[in-house]
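Listed below are the residues making up each chain.
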Amino acid sequence: MNAIAGFEGIGASVKRKEDLRFLSGRGRYTDDMNVRGQTHAYFLRSPHPHASIVSVDTAAARAMPGVVAIFTGADIKASGIGGLPCGWAVKNKDGSPQAEPPHPVLAHERVRHVGDPVAMVIAESHEQARDAAEAIGVTYATLPATATVTDAVAAGATPVHADVPGNICFDWHIGDKAITDAAFAQADHVVKFDLENSRLVPNAMEPRCAIGDYDTSSDEHTLYTTSQNPHVIRLLMGAFVLNIPESKLRVVAPDVGGGFGSKIFHYAEEAAVTWAAARVRRPVKWTSDRTEAFISDAHGRDHVSHAELALDKTGKFLGLRVQTLANLGAYLSTFAPAVPTYLYATLLAGCYATPTIYAEVKGVFTNTVAVDAYRGAGRPEATFLLERLVDVAAKATGIDRIALRRMNFVPADAFPYQTPVALQYDSGNYQATLDMGLKAADWAGFETRRAEAASRGKLRGIGISTYVEACGIAPSHLVGQLGARAGLYEVANIRVHPTGSITVFTGTHSHGQGHETTFAQLISDRMGVPVSQIDVVHGDTSKIPFGMGTYGSRSLAVGGSAMVKAMDKIVLKGRKIAAHLMEASLDDIEFEGGKFRVTGTDREKTLTEISLAAYVPHNYPIEELEPGLEETAFYDPKNFTYPAGAHVCEVEIDPDTGHVTVINFVAVDDVGRVINPMIVEGQVQGGVAQGVGQALLEHAVYDAEGQLLSGSLMDYTMPRAADMPGCDVSTHTTLCTHNPLGVKGCGEVGAIGSPPAVINAVVDALRDYGVTHMNMPASPQKIWAIVNAGRPARAAE
């Protein structure tokens with residue numbers, strides 16, 4: 001807690017306001033909502049990864065008890081509504097546009113992955129809808145399927161979409177190939193290796209849910225949904241799918257139980273229930289179960305890459321070359337093209353002053369669930385590749401892995417630093433976070449611990465990852481040039497009520513981050529109002545002017561900055577009112593601690609006195625100012641923000657079982673100014689848990705025919721509390737130079753820095769077995785096979 005008793009502003013570990021309702025069971029999630037007269041929807045989904053739909057027989061199902069209506073892809077097509085749009089478009093190397101095949105709300109004529117929705121049954125109860133769906137007879141003609149990017153781009157592979165030859169959505173690049181090739185030609189060392197970044201299933205605690213409602217008297221549609229950005233859903237669904245004017249479409253996202261990126265996107269079920277509600281003239285509710293989520297929620301990661309690093313004889317980096325095949329799944333999800341391009345390849349410089357970088361990325365269609373942003377979205381993929389490559393280079397050159405990093409860091413006095421892959425870092429101190437991480441992890445004393453573990457028959461290893469990420473994606477005019485089909489600003493509306501309490505309306509959306517507390521602290525710090533008297537409202541397009549939602553750690557850096565601009569307007573207007581009331585010059589009025597004072601005197605007015613005067617304008621400069629005390633501000637960032645840090649992981653392996661235990665984890669992160677240290681620590685710990693999960697446990701596995709083998713929590717291993725060590729979290733601050741708060745973002749750092757730290761530690765523990773690399777997850781089976789092979793192992797698959 002802040003040293004000042006009762007202090008609730010910036011820097012205080014204020015307990016989360018929202019937790020009382022969550023912990024007491026009073027949270028209001030979409031599935032908690034029931035609309036009068038509602039029906040229930042169930043989606044019949046394809047059991048095949050690729051097939052033609054020969055026929056759909058719904059006669060028996062329509063006759064079953066409780067059935068209200070059944071719709072198929074043919075019905076959707078006949079209605080004239082559009083397919084799901086993609087919100088980002090990248091260009092190929094030759095300047096031509098990416099391939100954008102249609103993404104129908106319900107599959108028509110062909111299904112392209114297991115889980116593709118074929119029909120929607122609406123009934124009086126969920127059970128009746130499910131039973132009727134099982135009575136629908138669908139005749140399929142199966143087709144060859146491809147589940148991996150390597151199979152999809154192989155000669156003779158069956159196209160996922162007939163009009164996309166070779167299954168290549170885009171063939172994109174960044175950097176100067178000629179300059180990079182020239183750097184490699186001059187290198188003393190060239191280190192090469194191949195790696196995969198495994199596919200993940202998000203598995204947010206709350207499955208997706210959507211309720212469509214239609215008011216026949218006003219012709220207004222309402223969608224209640226589990227979304228991270230309701231305004232974007234309204235824009236995409238209204239304008240591109242259902243052709244509903246935004247004035248007639250309301251989207252509400254109440255409490256959301258986790259998202260991690262998977263609830264950014266516009267999903268078919270949202271459009272289907274909204275459209276169907278108007279057709280049946282009754283509300284329609286759909287709630288996913290966990291098994292359904294595995295085959296319908298967008299997945300994450302899934303890259304296959306080849307990387308090469310050129311070094312001079314001293315270990316200085318000269319150039320980097322990367323080739324990546326990125327799995328997009330069967331359809332383009334909302335922001336899928338941005339993730340493996342502008343959110344991945346632009347971060348391949350990392351913390352290092354590599355003079356030249358050239359990256360090629362091919363986005364590939366496969367007969368799998370769509371792939372899009374998952375916590376970190378491109379940044380974890382870039383960091384894993386780069387930090388594994390640096391360790392491989394250290395081993396190949398015989399240079400200490402810490403020394404190799406230090407000699408190639410961007411110096412602290414080199415900012416702003418222009419990377420060779422488009423981004424310009426505004427601030428950072430990578431040596432400082434590294435020093436803190438090494439000290440906290442007792443790196444110097446590790447060999448003693450390794451020897452002690454060996455005396456017990458265990459294998460001990462330590463790994464490090466130093467990273468940079470980009471948050472608060474912006475500015476709008478730039479990302480528009482790069483392919484974004486929406487602005488990336490944020491909006492804040494601040495209303496000071498007559499008695500001085502405050503309501504903040506924000507276009508960002510909380511799904512576990514603690515916005516209601518952090519934003520209240522931000523307002524309290526500036527306006528001098530207790531946190532208990534500040535309400536934060538989000539998630540309802542009928543209440544919020546507009547907004548782009550929450551993802552990419554943007555809420556505080558972009559949404560908070562919009563609040564600062566709105567508060568500046570409030571304070572300026574308050575100063576004018578105070579000047580009038582106290583008969584002073586505007587220039588002599590200062591505001592601090594919730595009071596307007598005449599400089600150099602004891603004359604003052606509280607914020608409550610000013611707000612009351614604004615709403616009861618008996619003595620008020622009515623010719624100059626309108627009544628009321630409410631302001632709106634838009635903030636469009638000038639640049640990304642660039643959190644950075646050093647993560648250190650120590651593991652112990654049982655050679656008899658191959659089981660990896662994470663003994664200790666240290667995370668030192670530069671997230672800019674910290675508003676609430678407790679919330680930052682929680683965000684980092686949560687991200688580390690997900691990173692450890694990917695590194696050791698999680699893997700979405702398809703067989704060669706496109707069937708999801710890890711389609712439930714029986715087969716997809718999630719980290720448990722027992723898998724997590726005590727996590728030592730600390731921060732080192734360099735302020736962002738271009739937003740008014742100096743903040744950078746903390747929501748994804750744990751998931752970005754941790755996977756390579758864990759794998760580097762595992763590889764270090766297996767150093768005597770000749771292992772140079774191991775793809776995630778480092779499962780007991782893989783490790784047991786290596787240890788018991790009884791011979792030096794090659795790079796582990």
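Residues numbered from 1 in each chain as written. Predicted model: local features only at pLDDT ≥ 70, side-chain atom pairs only at ≥ 80, totals over all residues. Heavy atoms only, no water.

*Asks:* Outline the overall build of the chain, supporting the account with residue identities and numerical values.
*Replies:* Secondary structure assignment for the chain yields 20 helices and 28 strands. For a compact globule of 797 residues, the expected C-alpha radius of gyration is about 28 Å, and the chain comes in at 28 Å, within 12% of that figure. Summarising its shape, the C-alpha atoms of the chain cover approximately 90 × 75 × 55 Å along the three principal directions. Relative to its 797 residues, the chain shows a buried fraction of 61%. Of all intrachain contacts in the chain linking residues separated by at least 6 positions in sequence, the fraction that spans at least 24 positions is 79%. A distance of 0 Å separates the average location of the 68 positive side-chain charges in the chain from that of its 88 negative side-chain charges. (Helix = DSSP H or I, 4+ residues; strand = E, 2+ residues; numbered from the N terminus. Rg over C-alpha atoms; globule rule 2.2 N^0.38 Å. Buried < 20%, exposed > 50% of the residue type's maximum accessible area, 1.4 Å probe, protein only. Contact = heavy atoms within 4.5 Å. Lys, Arg positive; Asp, Glu negative; His and termini not counted. Charge placed at Lys NZ, Arg CZ, Asp CG, Glu CD.)

*Asks:* Mind laying out the pairing of strand S1 (residues 39-45), listing which residues take part and the relevant values?
*Replies:* Moving residue by residue along a regular strand, the side chains alternate between the two faces of the sheet. The element S1 is largely enclosed, with a buried count of six among its seven residues. Where S1 lies against strand S5 (residues 117-123), six bridges are found, and the strand directions are antiparallel. By the bridge assignment for S5, Arg 45 is matched with Pro 117. (Pairing = 2+ DSSP bridges.)

*Asks:* Account for helix H7 (residues 230-241), with residues named and values stated.
*Replies:* In an α-helix, one turn spans 3.6 residues; hence positions three or four apart end up facing the same way. Taken across its 12 residues, H7 has nine buried, putting it largely inside the fold. Tucked into the core, H7 has its buried residues touching strand S10 (220-225), strand S11 (249-252) and helix H8 (268-280). Of the residues trailing H7, Asn 243 is marked for its positive phi of about 55°.

*Asks:* Go over the state of the cysteines with me, naming the residues and quoting the values.
*Replies:* Scanning the model with the defined rule gives zero disulfides in all. Not engaged in a disulfide, the cysteine Cys 746 finds its nearest cysteine sulfur in Cys 471; these two sulfurs lie 8.8 Å apart. (Disulfide = S-S within 2.5 Å.)

*Asks:* Explain the sheet that holds strand S23 (residues 595-598) to me, and be specific about the residues and the numbers.
*Replies:* The strand order S22-S23-S24 describes an open sheet built from three strands, whose pairing is antiparallel. Every interior strand has two partners, whereas the edge strands, strand S22 (589-592) and strand S24 (604-606), have only one. Averaged over all adjacent pairs, the angle separating strand axes in this sheet is 20°, with direction ignored. For S23 and S24, the ladder comprises three bridges, and the chain directions are antiparallel. Across the sheet, Arg 597 pairs through a bridge with Glu 604, a residue of S24. (Axes fitted to C-alpha atoms, helices over the stretch in contact; angles between N-to-C directions.)

*Asks:* Report on helix H4 (residues 126-134), specifying residues and quantitative values.
*Replies:* Among the residues of H4, Ala 129, Ala 132 and Ala 133 are the ones counted as buried. Seen end-on, H4 carries its buried residues on one side only, within an arc spanning 100°. Those residues of H4 that are buried are in contact with S1, helix H2 (59-62), strand S3 (67-72) and S5. (Arc of directions from axis to C-beta.)

*Asks:* How would you explain the nonpolar core if you had to name every residue and give the values?
*Replies:* Core analysis: the biggest nonpolar cluster contains 129 residues, and Trp 88, Leu 348, Val 762 and Leu 766 have the highest contact counts within it. With 45 residues, the next largest nonpolar core counts Ile 502, Ile 523, Tyr 635 and Leu 741 among its residues. (Core = buried A, V, L, I, M, F, W, Y, C linked by side-chain atoms within 4.5 Å.)

*Asks:* So what's going on with the pairing of strand S19 (residues 490-496)? Which residues, and what values?
*Replies:* The element S19 is extensively covered by neighbouring structure, given that six of its seven residues are classed as buried. Sheet analysis places S19 next to strand S25 (residues 630-635), joined by six bridges and oriented antiparallel. Paired with Ala 492 across the strands is Ala 633, a residue of S25. In textbook terms, the turn of a hairpin is the stretch between consecutive antiparallel strands, and for S19 and strand S20 (residues 502-506) this stretch comprises five residues, one of which, Gly 500, has a positive phi near 95°.

Nothing here speaks to function; it is geometry throughout.
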